[in-house]
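Spelled out, the chains give:
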Number of protein chains: 2
Amino acid sequence: MPETPGAGPLRGLRIVELSSYVATPLSGLVLGQLGAEVIRVEQLGGAPDRTRLPRSADGTSLYWSGLNKGKKAVAVDLTRPEGRRLVADLVVGGGAGQTPGGGILVTNTDRHPDLTYDALRERRADVIHVLLTGRRDGGNAVDYTVQAETGFPSVTGPADGARPTNSVLPAWDLAAGLYLATGVLAAERGRRETGRGARVRLALEDVALAAAGALGYLAEAQLAGIDRGPSGNDVYGTYGRDFVSADGVRFMLVVLTVSHWRRLIDATGLADAMHAVEKALDADFDDEAERYRCRSVIGSLLERAFATRPWSELEPLLRSTRALSSPYRTFDQLAADLRPGGLFNELDQPGFGRHLAPGSPLVLDDRQAPAVPAPRVGEHTDEVLCGALGLGPDEVATLRADGLVG
Amino acid sequence: MPETPGAGPLRGLRIVELSSYVATPLSGLVLGQLGAEVIRVEQLGGAPDRTRLPRSADGTSLYWSGLNKGKKAVAVDLTRPEGRRLVADLVVGGGAGQTPGGGILVTNTDRHPDLTYDALRERRADVIHVLLTGRRDGGNAVDYTVQAETGFPSVTGPADGARPTNSVLPAWDLAAGLYLATGVLAAERGRRETGRGARVRLALEDVALAAAGALGYLAEAQLAGIDRGPSGNDVYGTYGRDFVSADGVRFMLVVLTVSHWRRLIDATGLADAMHAVEKALDADFDDEAERYRCRSVIGSLLERAFATRPWSELEPLLRSTRALSSPYRTFDQLAADLRPGGLFNELDQPGFGRHLAPGSPLVLDDRQAPAVPAPRVGEHTDEVLCGALGLGPDEVATLRADGLVG
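1. Looking at the overall build of chain A
Scanning chain A from N- to C-terminus turns up 16 helices and 12 strands. Evaluated residue by residue, chain A yields a buried proportion of 60% over its 406 residues. Put simply, of all contacts in chain A between residues at least 6 apart along the chain, 67% involve residues at least 24 apart. In the form shown here, chain A has an accessible surface area of approximately 14900 Å², with 49% of it arising from carbon and sulfur atoms. Placing the 44 positive and 52 negative side-chain charges of chain A at their respective mean positions leaves the two points 2 Å apart.

Below, the structure is given as structure tokens:
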């Protein structure tokens, strides 16, 4: 990935993003970090999610700033037809002609009459219009409500839990944003092959249902009639759970392979005990499904072995087994451990100042997009209207005086 | 999306997938559903994750089948150099010449000497090699251990919880798989523009850290020194949580806008009470941050209003407010509600039979890839070796007799 904006493999793509919340902004962030020019259009004064919590002392949204790094911000009065037409001009390629990498709108709203697929297609036949909705029928839904209706909270949390447990991480929003990015690139590849644009739609609930299907949950419920309940931090289907060391360090342990398993029972001195248990239960712990079936007794033995050793001793012991293990960290502990280099660089974000922020996790030829600041409301209105639409500074000044742009 | 394989916008792309578990297989699934030809290479006898739980009565993995729908399965002895060279032939384009859409390997292992980026690049200069690792330094990690170290379990689960709560949904695996798909398409676009291939790397831990950064968690911990604890099913930063109706239906409610809020307090008859509380607390509940700050008292009042009404009454009441709400469903309840049409079609998967399975959530021009069966071990060995490598049936028979392919 390039360290200069616009120099990645998506160089030459221009994407207009009319968005809010997490999923659609994330798609623009990801595509921008790969080299696309991403123009986020907002209502005058800023999008409603500009002020979403958490905020810095001066009121700048840390959340908004995180999701909109490196975008160009254009403020337009979307309540007026002239404002919407200006945005449509930006999508289709206005005065300066239709750029081949333009003609792409990514949005989570279809309520603006001049910015629907049909309206834009009349102006540019090969337009790519990518729309995220909550429900497949166009209705509203958000990550937390989609979570509730698609099953995962019912299997998450304490094993004795009487209540479902939502995931604080908005996993469906993240997945939807990345599906949108994939959809943009697939449609753009199709356009380069055939000359035809595309209408791309994605529903947040379908993202969740497709994942529940891909992971086997829906087939299991239909075919086996198995309704899994929550089981704390036990990993399903293999041996893994959390433990605590003698000095109170809680860590996650996942035993994936038979070599992990054998080294683990040797290193903890539990080999004889485990073999005796195998015999008693007529089980073969070399088989991951059997380890899972007998996880309760395995866990009891491991618990005792770990509870007598401090983390300083357990850490090298676990490393020697090559099983996967990590101590739990709070965000505070995680933040304290961050260092510049790799994914992180120091970012001076106007509104809240210097901190370490992540760039793109995708590394292309040993390079990746660094974290860059998110824009102020309307920061690039002049640049974009003059550059992309070929307006003169006087024309932009007139539009601003008219209250159409900010 | 097309209903015939190979007819989507990614038609002409050939991707060799050498993978296991969730993330890398998901990337192949997503790209395949958009029209790419995806060849999953497995060790003779099948990849280790072929038998992963849950399984059907005859032992077929529901999980494996869900993640590998529509792929071509080729079985090769990867422990022998001749086997690995055969796979390398498949990647670079063998006897039949280098197809422009070929030369792409997506994998989560770099341990095969003939299949590294450097080895493949010597044979095809424009190869695209996409590698997922657990850690950035190439070390191992899995979704559950990455969860532990990147903070989210510490803010998930019951507010009084003494233990962190892992998400059963492998969100980082899903996000990584979709990042890989995005990376493949970005690199392929770059190759079409410049003729140059790319080495693409992604670490599961970087995916999690990038998301924690994009959502503001890392900036918050660094700048504000705020260490959020778990808060049950409360939505952070706006008004949302779960409630129970008089007849025991638990549902999630999210109030996103001031109109949602006003309609909600009118419909529940709580307007006067809420205004009195606003006065007493010197708060303005038209502001979402204030609703969040005062969520405890708001919740107490709503709880009582909801607890006196059965779901049959609450459901239309909530719908009239346009706030987001959904009852919780277990996977069993979700499966019972599935109907063919839209995302789902009936799939007859060998090994476990007919059920409703999801296709691609991405809808292009009103079409999308339906669910199709996952392949048996080696189901396409002959087809692929003859078709893509131009071998004759006799040559494949010789390789099979030699134990090199299955």
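2. Structural notes on the sheet that holds strand β7 (residues 239–244) of chain A
All names here are of chain A. Spatially, β7-β8-β9 is the arrangement adopted by the three strands of the open sheet, whose pairing is antiparallel. Each edge of the sheet is formed by a strand with only one pairing partner; in this case those strands are β7 and β9 (324–327). Geometrically, the sheet is characterised by an average inter-axis angle of 15° between neighbouring strands, direction not taken into account. Here helix α9 (residues 258–267) sits on the sheet in contact with β8 (250–255) and β9, set at roughly 130° to β8. With respect to the sheet, helix α13 (residues 311–321) is in contact with β8 and β9, its orientation differing from that of β8 by roughly 20°.

3. Quick look at the relation of the copies chain A and chain B
The two copies are related by a screw operation: chain A maps onto chain B through 180° of rotation and 0.0 Å of translation along the axis, at an RMSD of 0.0 Å. Here the copies are linked by what is in effect a two-fold axis. Looking at the interface residues of chain A, 99% of them are also at the interface in chain B, so both copies use one shared face.

4. As for the interface of chain A and chain B
In this assembly, 131 residues from chain A lie in contact with 130 residues from chain B. Linking chain A with chain B are eight salt bridges, by the criterion used here. The tally of links from chain A across to chain B stands at 38 residue pairs in polar contact (both at pLDDT 80 or more). At 16 residues, the largest contribution of residues to the side of chain A that touches chain B is made by helix α6 (residues 171–194) of chain A. Looking at the side of chain A that touches chain B residue by residue, the class counts come to 73 nonpolar, 30 polar and 28 charged.

5. With respect to the sheet that holds strand β7 (residues 239–244) of chain B
Residue and element names in this part refer to chain B. The strand order across the open sheet built from three strands is β7-β8-β9, with neighbouring strands paired in antiparallel fashion. Of all the strands in the sheet, the pair left with one neighbour each is β7 and β9 (324–327). Strand after strand, the sheet turns through a mean of 15° between neighbouring axes, direction not considered. In this structure, strand β8 (residues 250–255) lies alongside β9, joined through four bridges in antiparallel fashion. Following the sheet pairing, Val254 is matched in β9 by Leu324.

6. Comments concerning the nonpolar core
Counting 146 residues, the largest nonpolar core has Phe152, Trp172 and Phe331 of chain A together with Phe152, Trp172 and Phe331 of chain B as its most contacted members. Setting aside residues no more than four positions away along its own chain, Phe331 of chain B makes contact with Thr150, Gly151, Phe152, Ser154, Val155, Ala212, Tyr217, Leu218, Ala221 and Asp227 of chain A.

7. Describing the pattern of salt bridges
Scanning all chains against the criterion turns up 65 salt bridges over all chains. One salt bridge connects Lys72 of chain A with Glu383 of chain A, and the closest N-O pair in it is separated by 3.2 Å. In this pair, Lys72 of chain A sits in strand β3 (residues 72–76) while Glu383 of chain A sits in helix α15 (residues 381–387), placing the two residues 311 residues apart along the sequence. We note a salt bridge from Asp382 of chain B to Arg400 of chain B, for which the minimum N-O separation is 2.8 Å. In this pair, Asp382 of chain B is assigned in helix α15 (residues 381–387) and Arg400 of chain B in helix α16 (residues 393–401), connecting sequence segments 18 residues apart. A relative accessible area of 32% places Asp382 of chain B in the partly exposed class. One connected set of salt bridges, linked through shared partners, spans Arg14, Glu37, Lys72 and Glu383 of chain A.

8. Describing the environment of Pro164 of chain A
Structurally, the position occupied by Pro164 of chain A is in the loop between α5 (143–149) and α6. The spacing of Pro164 of chain A and Asp227 of chain A is 63 residues in sequence and 14 Å in space, taken between C-alpha atoms. Leaving out residues up to four positions away in the same chain, Pro164 of chain A has contacts with Pro153 and Ser154 of chain A together with Asn233, Arg250 and Tyr328 of chain B.

9. Points about the side chain of Thr109 of chain B
All names here are of chain B. When you line up the elements, Thr109 lands in the loop between β4 (104–107) and α4 (117–123). A polar side-chain atom of Thr109 sits 3.2 Å from the main-chain amide nitrogen of Arg111. Look past the residues within four positions of Thr109 in its chain and what remains in contact with it is Leu18 and Leu131.

10. Some details on the packing of helix α6 (residues 171–194) of chain B against helix α7 (residues 204–214) of chain B
Residue and element names in this part refer to chain B. Put simply, α6 and α7 touch, their axes get as near as 9 Å, and they point 100° apart. For the element pair α6 / α7, the angle class is roughly perpendicular. On the side of α6, the interface is formed by Trp172, Asp173, Ala175, Ala176 and Tyr179, while α7 contributes Leu204, Val207, Ala208 and Ala211. Taken together, the residues of the contact of α6 with α7 sort by class into eight nonpolar, no polar and one charged.

The rules we used
- Residues numbered from 1 in each chain as written.
- Chains lettered and ligands numbered in written order.
- Predicted model: local features only at pLDDT ≥ 70, side-chain atom pairs only at ≥ 80, totals over all residues.
- Heavy atoms only, no water.
- Helix = DSSP H or I, 4+ residues; strand = E, 2+ residues; numbered from the N terminus.
- Buried < 20%, exposed > 50% of the residue type's maximum accessible area, 1.4 Å probe, protein only.
- Contact = heavy atoms within 4.5 Å.
- Areas by Shrake-Rupley, 256 points an atom, 1.4 Å probe, with all protein chains shown as cover.
- Lys, Arg positive; Asp, Glu negative; His and termini not counted.
- Charge placed at Lys NZ, Arg CZ, Asp CG, Glu CD.
- Pairing = 2+ DSSP bridges.
- Axes fitted to C-alpha atoms, helices over the stretch in contact; angles between N-to-C directions.
- Least-squares fit on C-alpha atoms with pLDDT ≥ 70 in both.
- Salt bridge = Lys/Arg side-chain N within 4 Å of Asp/Glu carboxyl O.
- Polar contact = N/O pair within 3.5 Å; in protein donor to acceptor, adjacent residues only side chain to side chain.
- Nonpolar A, V, L, I, M, F, W, Y, C, P; charged D, E, K, R; others polar.
- Core = buried A, V, L, I, M, F, W, Y, C linked by side-chain atoms within 4.5 Å.
- Parallel < 35°, antiparallel > 145°, perpendicular 65-115°, else oblique.

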